[in-house]
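# Structural description and commentary
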Amino acid sequence: MLPKRLARMALALAVAMGQDAFASGSVFVVDSANDEVREYDSEQGRQMRSFEPIDTPVDVAYGPDGFLYAGVGDGGAGNDPPCNAQRSDVLLGKLLRLDVDPDIVNPPFYAIPAGNPFVGRGGPDQAWAKGLRNPWRFSFDRLTGDLYVGDVGQGDREEIDFQ
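I will try to describe carefully the structure that is included in this document. (Residues numbered from 1 in each chain as written. Predicted model: local features only at pLDDT ≥ 70, side-chain atom pairs only at ≥ 80, totals over all residues. Heavy atoms only, no water.)

## Structural notes on the sheet that holds strand β10 (residues 147–151)
Within a sheet, adjacent strands bond to each other through the backbone by hydrogen bonds, running parallel or antiparallel. Counted only if it meets this: In this analysis, strands are considered paired if DSSP registers two or more bridges between them. Secondary structure is summarised from DSSP: a helix means a run of H or I of at least four residues, a strand means a run of E of at least two, and numbering begins at the N terminus for each. Every axis in this analysis is a line fitted to C-alpha atoms, fitted for helices over the stretch in contact. Angles between the N-to-C directions lie between 0 and 180 degrees.
Across the sheet, which stays open at both edges, the 3 strands sit in the order β9-β10-β11 with antiparallel pairing between neighbours. This sheet does not close on itself; its edge strands, each paired only once, are β9 (135–140) and β11 (159–162). Between one strand axis and the next, the sheet turns through 20° on average, direction left out of account. Pairing geometry for β10 and β11, over 4 bridges, is antiparallel. Bridged to Gly 150 within β11 is Ile 160.

Listed below in C-alpha cells is the structure:
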C-alpha cells in the first residue's frame, strides 16, 4: 500500500515499480506539474532523486530487461515545427531507456544501457525509439516482452507502435 502522500503524487500522470520495489522501497513517478521523473521512497513518500534533464515525460514503466523506460512528448507544438522527435540533440519525442540503479548517486542519476540503439551512432544515447509525437502509454507483453506504444497522432489519426 502506498502512503497517501505518495498515492496523490502517483495520480499526477504515471507510476512504475520494479520487480524489487517492495525490497528496495523505490517507486518512480512522472510529476506532470514539474515535467520530471522522480524516485520516491515507497515507505515514507519522500523524494529520493529527480531525473533530469527529462523534459515533458508522459509515462514510465519497467521493461522485462529491468531498465526504466520513459516516454517523452515532442514539446507540444502542432506538427512539431522544430522536428524534436527526429533530432538527435534533444530528448523530446523519444522513448528513453535508462539504468536507474540506486547506486548511481550523481546527476543525472541514471546510466545509459550499453544496448541502447543510438549509443555511439549520433544519439541521443538515452533513446530507445525516436520519432514519437506523445507516447502517452506503453506496455510490455508479459509473455513475449513485446513493446506496445500508444502515440498521439496529429489531427486525424492516433497510432500504436510495436516492437
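## Some words on the layout of surface pockets
To keep it simple, the criterion reads: In the cavity and pocket records, a cavity denotes points on a 1 Å grid over the protein atoms alone where a 1.4 Å probe fits but cannot get out, a pocket denotes an open set with protein on both sides within 12 Å along at least 5 of 7 lines, and lining residues are residues with an atom within 4 Å of a point. Grid points are joined across faces, edges and corners, and a volume is the space filled by probe spheres set on the points. Put simply, Ala, Val, Leu, Ile, Met, Phe, Trp, Tyr, Cys and Pro go in the nonpolar bin, Asp, Glu, Lys and Arg in the charged bin, and everything else, Gly too, in the polar bin.
Considering only enclosed or pocket space, the second largest pocket measures out at about 280 Å³ in volume. When residues of the lining of the second largest pocket are traced back to their parent elements, those giving at least two are β5 (57–62) and β9. Classifying every residue of the lining of the second largest pocket gives 7 nonpolar, 2 polar and 3 charged.

## A word on the packing of aromatic side chains
Basically, it comes down to this: Pairing of aromatic side chains requires ring centres within 6.5 Å, counting the rings of Phe and Tyr and the six-membered ring of Trp. Pairs whose planes differ by under 30 degrees are stacked, by over 60 edge-to-face, and all others tilted. Summary of the burial criterion: residues with accessible area below 20% of their type's maximum are buried, those above 50% are exposed, and those between are partly exposed, where the area comes from a 1.4 Å probe applied to protein chains only.
Summed over all chains, the structure comprises 3 aromatic pairs. Aromatic side chains Tyr 69 and Phe 140 sit 4.9 Å apart centroid to centroid with 65° between the ring planes, which places their arrangement in the edge-to-face category. In this pair, Tyr 69 sits in strand β6 (residues 68–72) while Phe 140 sits in strand β9, placing the two residues 71 residues apart along the sequence. Taking relative accessible area as the criterion, Phe 140 reaches 14% and is therefore assigned buried.

## Focus on the pattern of salt bridges
Stated precisely, the cut-off is as follows: Any Lys or Arg side-chain nitrogen found within 4 Å of a carboxyl oxygen on Asp or Glu counts as a salt bridge.
Here the structure, examined in full by the defined rule, presents 4 salt bridges. One salt bridge in this structure joins Asp 59 and Arg 137, with 3.9 Å as the shortest N-O distance. Separated by 78 residues along the polypeptide, Asp 59 in strand β5 and Arg 137 in strand β9 bring together distant segments of the chain. Ionic pairing is found between Arg 97 and Asp 65, a salt bridge with its closest N-O pair at 2.9 Å. In this pair, Arg 97 is assigned in strand β7 (residues 94–98) and Asp 65 in the loop between β5 and β6, connecting sequence segments 32 residues apart. A residue is classified by how much of its surface remains accessible, and Arg 97, at 8% relative accessible area, is buried.

By themselves, these figures tell us nothing about what the structure is for.
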